[in-house]
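Given next are the chains, with one letter for each unit.
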Amino acid sequence: MQTLDLQDVGLRTVNATLHAQSEQTNQTAWEVTNPRGAHAIACGLDAPIEVSVKGSTGYYCGGMNQQATIHIEGSAGPGTGENIMSGKIVIEGDASQYLGATGHGGLIVVKGNASSRCGISMKGVDIVVQGNIGHMSAFMGQSGNLVVCGDAGDALGDSCYEARFFVRGKVKSLGADCVQKEMRPEHLELLTSLLEAAGIDADPTEFTRYGSARTLYHFDVDNAGAY
Amino acid sequence: MTAQDSKGIPLTTPRLSATFTPDVNSDIRRAAATGIYDIRGGGAKRKLPSFDDLLFMGASISRYPLEGYREKCETSVTIGALNAENPIELDIPITIAGMSFGALSGPAKEALGRGASAAGTSTTTGDGGMTPEERGHSSKLVYQYLPSRYGMNPDDLRKADAIEIVVGQGAKPGGGGMLLGQKISDRVAEMRTLPGGIDQRSACRHPDWTGPDDLEIKILELREITGWKVPIYVKVAGARPYYDTTLAVKSGADAVVLDGMQGGTAATQDVFIEHVGLPTLAIIRPAVQALQDLGMHRKVQLILSGGIRSGADVAKAMALGADAVAIGTAALIALGDNDPKWEAEYNALGTTAGAYDDWHEGRDPAGITTQDPDLMARLDPVEGGRRLRNYLKVMTLEAQTIARACGKNHLHNLEPEDLVALTMEAAAMARVPLAGTDWYPGKPGTTY
């Protein structure tokens, strides 16, 4: 295990060291100590390494992640895992707003709750939240899956495209063009695999699926009020 | 003989309303027929105070000119040396503005890259990600970071020579984008992670930050991801240029791109283009003032765009304090957009060469603002690149001609003192004297 004390070496050294790890690195286990809510920790990683951040993080931890597994042993600030491409981010505590914004791939797991705009404009990322999510989550979601074991706030999936949403609890309200959909066997299979990948023990049959009604895919004056 | 009615009373001349003009009436009829606002490409078409309302005074007994063909007039510019390990070094201060693959064809993007590279300047991606054609043919490529984040990925980010965080654009300050289904080809759809053929919307706000405090952190993140190697620009629409420039600089931008309302868009509501935002002439002095007040003028570069057409425009922008300019619409015209040789086809589309602005419909006869393979094939990217290079060279020569006449051995040495205004409005906006006077509206110390 390699240790980087953020207060000691500074953010630039932490990230530069992690960026220097290649595809073939033998140093695959890293820990970042004393994060103290710093921003942009472990962003832009691109190697099959595991990084444990020993505390809470500020904005954009794990931003644009590729390949790496990042474990945040605390709560995570806004935009954590934004534009993630691949790999995995696990947050032990709660996640602030914009979690996984525009993420193209990979998996983000939140053991606590996620705030508003969780998965905003998601483009292929899978997000699994053990608790609740806030309002306007998955706004303009294009692709990927958002799994919520608790409740969802107002306007879930507003103006979404092809992203899928699975919610076990209540949804306060659905956003424009987001509707409840039938849970077919392939969706149960997908949900089972997502929960398994997230390490969360929940019964897939207790979830409801939501997604786009696709009525806003083409401009129509009769839909003008929905925009 | 005066026309008379049946009783022999002279008829008055038919008089069109200055309020309900034929243009306005056609807008009303169109709205009544369709129930939806008009969408078009391009920038503001209305008559605006502009660089045409300014003149250089040139040399005289009190100012010595430089010899036109003997004495050098430098044109190079460095952008982003404040924080970046590898600032952008350009031979000329005229860059190519951001335009998306999707809005433009692949060959058009390639032609822009070829032309810009041959002229020693940069080109810029747009709301659709980076294409290999564009990267491959652009020696200096600026990668736009937009609210939609279509095609955004860290690999392309690291291939860029600079990053431009787009907060707004002059044609639509506060507006998002749209790309209608007919231009969402399979390739465009794949790059944007969208179903093919749908009408695609782009958000107007970034999904993971709001306000200058967040922007500062976003810039930090992008610098960390790219190892502090490349400059980070912030592009804002001409709305509140003093405050927007101040906030961009305080957020850590290496360069501010400021876009006036004559700057084009791929597609937006006509009402937005014509009625929101400020003319390019009106935005530069407040922005320069902001940089000067922060002690950052010439340290953070100011790139001005929005209706720049000629070397005279370049020289005027630089005299008023810009470090460089960006062109979009003018570059497309250089490639062949709105060329009269396609007049019959423009007529078939209900328009005429010079007025064609339905870029969003994808039926561009010049093969530039389209994804139709047959139309796209009309633009030879090599020839297009050559034309753009020629145009950029001419603009540079024109700007040098003016600078030498003003006794300046670098375009950056042009200054407001070299200029006068032809109208009160231009004098007030540019803060240079009305020609023949030593006064402009709002001049400090002036009493009314």
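Residues numbered from 1 in each chain as written. Chains lettered and ligands numbered in written order. Predicted model: local features only at pLDDT ≥ 70, side-chain atom pairs only at ≥ 80, totals over all residues.

Peer 1: Whenever I open this one, the interface of chain A and chain B confuses me. Can you help?
Peer 2: Interfaces are often sized by the accessible area lost when the parts come together. In this complex, chain A contributes 37 residues to the contact, which on the side of chain B involves 22 residues. Those elements giving two or more residues to the side of chain A that touches chain B turn out to be helix 2 (11-19) and strand 7 (123-129) of chain A. Considering every element that reaches the side of chain A that touches chain B, the biggest residue donor is helix 2 of chain A, with 4 residues. Of the residues contributing to the side of chain A that touches chain B, the split by class is 17 nonpolar, 15 polar and 5 charged. (Contact = placed C-beta atoms within 7 Å. Helix = DSSP H or I, 4+ residues; strand = E, 2+ residues; numbered from the N terminus. Nonpolar A, V, L, I, M, F, W, Y, C, P; charged D, E, K, R; others polar.)

Peer 1: Mind showing me how you'd approach the environment of Ala377(B) here?
Peer 2: All names here are of chain B. Within the element layout of this structure, Ala377 appears in the loop between helix 13 (373-376) and helix 14 (381-405). Classification of Ala377 by C-beta neighbours within 10 Å gives exposed; the count is 11. Measuring from C-alpha to C-alpha, the distance between Ala377 and Gly367 comes to 6.8 Å, with 10 residues separating the pair along the chain. (Buried ≥ 20, exposed ≤ 12 C-beta atoms within 10 Å, placed from the backbone.)

Peer 1: Would you take a moment to explain the sheet that holds strand 15 (residues 324-327) of chain B for this structure?
Peer 2: The strands making up a sheet associate through hydrogen bonds between their backbones, and the pairing can be parallel or antiparallel. Residues and elements named next belong to chain B. If you walk across this open sheet you meet the 8 strands as 5-15-14-12-11-8-7-6, and the pairing is parallel. Two strands lie at the open edges of the sheet, namely strand 5 (94-96) and strand 6 (123-124), each paired on one side alone. Note: strand 7 (residues 141-145) against strand 8 (residues 162-166), 4 bridges, orientation parallel. Across the sheet, residue Gln144 finds its bridge partner in strand 8, namely Glu164. Across the sheet, helix 7 (residues 241-250) touches strand 11 (232-237) and strand 12 (255-259), and the angle it forms with strand 12 is around 155°. (Pairing = 2+ DSSP bridges. Axes fitted to C-alpha atoms, helices over the stretch in contact; angles between N-to-C directions.)

Peer 1: Whenever I open this one, the sheet that holds strand 1 (residues 2-5) of chain A confuses me. Can you help?
Peer 2: Residue and element names in this part refer to chain A. Pairing is mixed in the open sheet, where 11 strands are placed in the order 1-2-3-4-5-6-7-8-9-11-10. Edge strands, defined here as strands with exactly one partner in the open sheet, are strand 1 and strand 10 (178-181). On average, each strand axis in the sheet is inclined to that of its neighbour by 15°, with strand direction left out of account. Sheet analysis places strand 6 (residues 107-110) next to strand 7, joined by 4 bridges and oriented parallel. Opposite Val109, over in strand 7, you have Val128 as the bridge partner. Most of the contacts of helix 3 (residues 185-198) go to strand 8 (residues 143-148), to which it runs at about 70°, and overall it touches strand 6, strand 7, strand 8, strand 9 (164-167) and strand 11 (208-212).

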